[in-house]
Amino acid sequence: DEVLRDGWLYTGDVGHLNADGHILITDRKKDIIVNSGGDTLSPQRVEGFLSLEPEIAQAMVHGDKRPHLVALLVPDARWAHQWAADNARPADLARLVEDADFVKQLGAAVDRVNQGLSTPERVRRFVVTGDEFTTENGLMTPSMKLRRHKINELHGARLEALYR
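Rules and cut-offs
Residues numbered from 1 in each chain as written. Predicted model: local features only at pLDDT ≥ 70, side-chain atom pairs only at ≥ 80, totals over all residues. Heavy atoms only, no water. Helix = DSSP H or I, 4+ residues; strand = E, 2+ residues; numbered from the N terminus. Buried < 20%, exposed > 50% of the residue type's maximum accessible area, 1.4 Å probe, protein only. Contact = heavy atoms within 4.5 Å. Areas by Shrake-Rupley, 256 points an atom, 1.4 Å probe, with all protein chains shown as cover. Lys, Arg positive; Asp, Glu negative; His and termini not counted. Charge placed at Lys NZ, Arg CZ, Asp CG, Glu CD. Pairing = 2+ DSSP bridges. Core = buried A, V, L, I, M, F, W, Y, C linked by side-chain atoms within 4.5 Å. Arc of directions from axis to C-beta.

1. Things to note about the overall build of the chain
If you tally the helices and strands in the chain, you get 5 helices and 9 strands. Listed N to C, the secondary structure of the chain is β-β-β-β-β-β-α-β-β-α-α-α-β-α in terms of helices and strands. On the principal axes, the C-alpha backbone points of the chain span a range of 65 × 35 × 30 Å. Relative to its full complement of 164 residues, the chain shows a buried share of 36%. Contacts in the chain between residues far apart in sequence, at least 24 positions, make up 53% of those at least 6 positions apart. Surface exposure of the chain reaches about 10000 Å², of which carbon and sulfur atoms provide 51%. Averaging the coordinates of the 21 positive side-chain charges in the chain and doing the same for the 25 negative ones gives two points 2 Å apart.

The structure is reproduced here in structure tokens:
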């Protein structure tokens, strides 16, 4: 009775009916992650702490129905350029995200954040992208919220690979 209203199923998910008449779930109405252990986590909380670090401009955590959180990180451009200058590397962000030493520095930022988080909130692994989340590329809404389903379309395979 609580989830059926006027012939509609209210689950808290966002989706649509496909051509075969099946429901396709594409997102959550509220951004909540429920990991495989049943812990309910706020991704915005973890992402907010990550993006407060000088090395990280943006972050998206992933882990619904998974054993732990992983993240997609966008490095801060100014920090990245300074790091490149200090370490005799080209200031090309597309190349820096592939540099093991550069990624290690981002890992140090993730480790700092993890110290202040509960065990289920901690980011265990991450991948890096040089592509910012913007309204122009459709990865953010006009109100500056992440479009998780769009980011997952682009980077979901990389995020899922972190669980192997």
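Back to the write-up after that little detour.
2. Points about the pairing of strand E8 (residues 69-75)
Among the 7 residues of E8, 7 are classified as buried, and the element is accordingly described as predominantly covered. On E8, burial covers both faces: Leu69, Ala71, Leu73 and Pro75 on one face and Val70, Leu72 and Val74 on the other are all buried. Where strand E7 (residues 56-62) and E8 come together, 6 bridges link them in antiparallel fashion. The residue of E8 that forms the bridge with Ala59 is Leu73. Taken together, E7 and the strand that follows it, E8, pair antiparallel across an intervening segment of 6 residues, in which Lys65 is found at a positive phi of about 65°. Here 5 bridges tie E8 to strand E9 (residues 123-128), and the two strands are oriented parallel to one another.

3. Let's talk about the nonpolar core
Inside soluble globular proteins, nonpolar side chains tend to come together where they are buried. Grouped together as the largest cluster of nonpolar side chains are 25 residues, with contacts concentrated most on Leu50, Ile56, Leu73 and Phe102. Looking at this core, the elements with two or more residues in it are helix H1 (43-51), E7, E8, helix H2 (77-86), helix H3 (93-96), helix H4 (100-114) and E9. Counting residues per element, this core draws most heavily on H4, which supplies 5 residues. Contacts of Leu73, omitting those with residues within four sequence positions, involve Leu50, Ile56, Gln58, Ala59, Leu106, Val110, Phe126, Val127, Val128 and Thr129. Counting residues in each nonpolar core, the second largest holds 13 residues, with Met60, Leu72, Val127 and Ile151 among its members.

4. Considering the side chain of Thr129
Structurally, Thr129 is set in the loop between E9 and helix H5 (148-161). Exposure remark for Thr129: the relative accessible area of 5% places this residue in the buried category. Filtering out sequence-adjacent residues up to four positions away, Thr129 remains in contact with Leu72, Leu73, Val74, Pro75, Val97, His155 and Arg158.

5. Some thoughts on H2
Those residues of H2 that sit buried are Trp79, Ala80, Trp83 and Ala84. Axial view of H2: buried residues confined to an arc of 135°, hence all on one face. Exposed side of H2, more than 90 degrees from the buried face: Arg78, Ala85 and Asp86 are the residues found there. Turning to H2, the residues buried within the fold contact H3 and H4. Looking one or two residues beyond H2, the residue adopting positive phi is Ala88, at roughly 50°.

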